[in-house]
Amino acid sequence: MSEREDPWPCLSVNKSRFAFPDWAYKPESSPGSRQIQLWHFILELLRKEEYHDVIAWQGDYGEFVIKDPDEVARLWGARKCKPQMNYDKLSRALRYYYNKRILNKTKGKRFTYKFNFNKLVLVNYPFIDMGSAGTKRGHTNHIHLFT
DNA sequence: GTCGGAATGT
DNA sequence: ACATTCCGAC
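Read on for an overview of the structure.

So, how was this worked out
- Residues numbered from 1 in each chain as written.
- Chains lettered and ligands numbered in written order.
- Predicted model: local features only at pLDDT ≥ 70, side-chain atom pairs only at ≥ 80, totals over all residues.
- Heavy atoms only, no water.
- Near = heavy atom within 4 Å.
- Polar contact = N/O pair within 3.5 Å; in protein donor to acceptor, adjacent residues only side chain to side chain.
- Helix = DSSP H or I, 4+ residues; strand = E, 2+ residues; numbered from the N terminus.
- Nonpolar A, V, L, I, M, F, W, Y, C, P; charged D, E, K, R; others polar.
- Contact = heavy atoms within 4.5 Å.
- Pairing = 2+ DSSP bridges.
- Axes fitted to C-alpha atoms, helices over the stretch in contact; angles between N-to-C directions.

**Some points on the protein's contact with DNA strand B**
Residues in close proximity to DNA strand B include Tyr87, Arg92, Arg95, Tyr96, Tyr98, Lys105, Lys109, Arg110 and Phe111, which together make up its full environment. Of everything in DNA strand B that lies within 4 Å of the protein, sugar and phosphate atoms constitute 37%. A distance of 2.8 Å separates a base oxygen of DNA strand B from a polar atom in the side chain of Arg95. Here a phosphate oxygen of DNA strand B and a side-chain polar atom of Lys105 are 3.3 Å apart. Sort the elements by how many residues they give to the surface near DNA strand B and helix H3 (residues 87-100) lands first, with 5 residues. Its residues placed into classes, the surface near DNA strand B shows 4 nonpolar, no polar and 5 charged.

Here's what the structure looks like:
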């Protein structure tokens, strides 16, 4: 938690109120761009109580509902300096996660998606023993499952 | 609302 | 690679 990019470069207010954990940022895997990824951002909003009228866990394990799509889009746009962001564009980015097996859509449930925590937990918490075969004992910081 | 192709940008 | 933008189809 020492030298890190400004989480809210577009905000003149409330700058230092958010302490993003290190794992919410892209590991040094990709040379140049260490920009926040959408699914990291989503997880961070879900972690914060102050957003649970905007986005929250709901339903099955890993399932979450975007209660206020416009607001989530606004926050994401603020984070990425894309003031023209909206839910239509944000949801397209979420849809790209289907093939990467980071997210699924919960069909029939409005604004509801589901994380594939099998993958995510391994990426973010490589030291957690999930009881699955092939999980190495933690001596590396990051396991890159989809690169 | 949701999906996914296509072009474009970083 | 990972979105952003636009948009036709369902």
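**Looking at the environment of Glu63**
By the secondary structure assignment, Glu63 is in strand E2 (residues 63-66). Put simply, Glu63 and Thr112 are 49 residues apart on the chain and 6.9 Å apart in space, counted from C-alpha to C-alpha. For Glu63, the residues in contact, after removing those within four places along its chain, are Ala56, Trp57, Gln58, Thr106, Lys109, Thr112, Tyr113 and Lys114. A polar contact of 3.4 Å, which involves the side chain of Glu63, links it to the side chain of Thr106.

**Quick word on the sheet that holds strand E4 (residues 112-115)**
The strands that make up a sheet pair up through hydrogen bonds in the backbone, lying either parallel or antiparallel. The 4 strands are arranged E1-E2-E4-E3 in an open sheet whose pairing can be described as antiparallel. The open sheet terminates on both sides in strands that have one partner only, identified here as strand E1 (55-57) and strand E3 (103-105). Within the sheet, the average angular offset between the axes of one strand and its neighbour, ignoring direction, is 30 degrees. As paired strands, E2 and E4 are joined by 3 bridges and run antiparallel to one another. Looking across to E4, one finds that Phe64 is bridged to Tyr113. Contacts from H3 reach E2, E3 and E4, with the element oriented near 115 degrees to E3.

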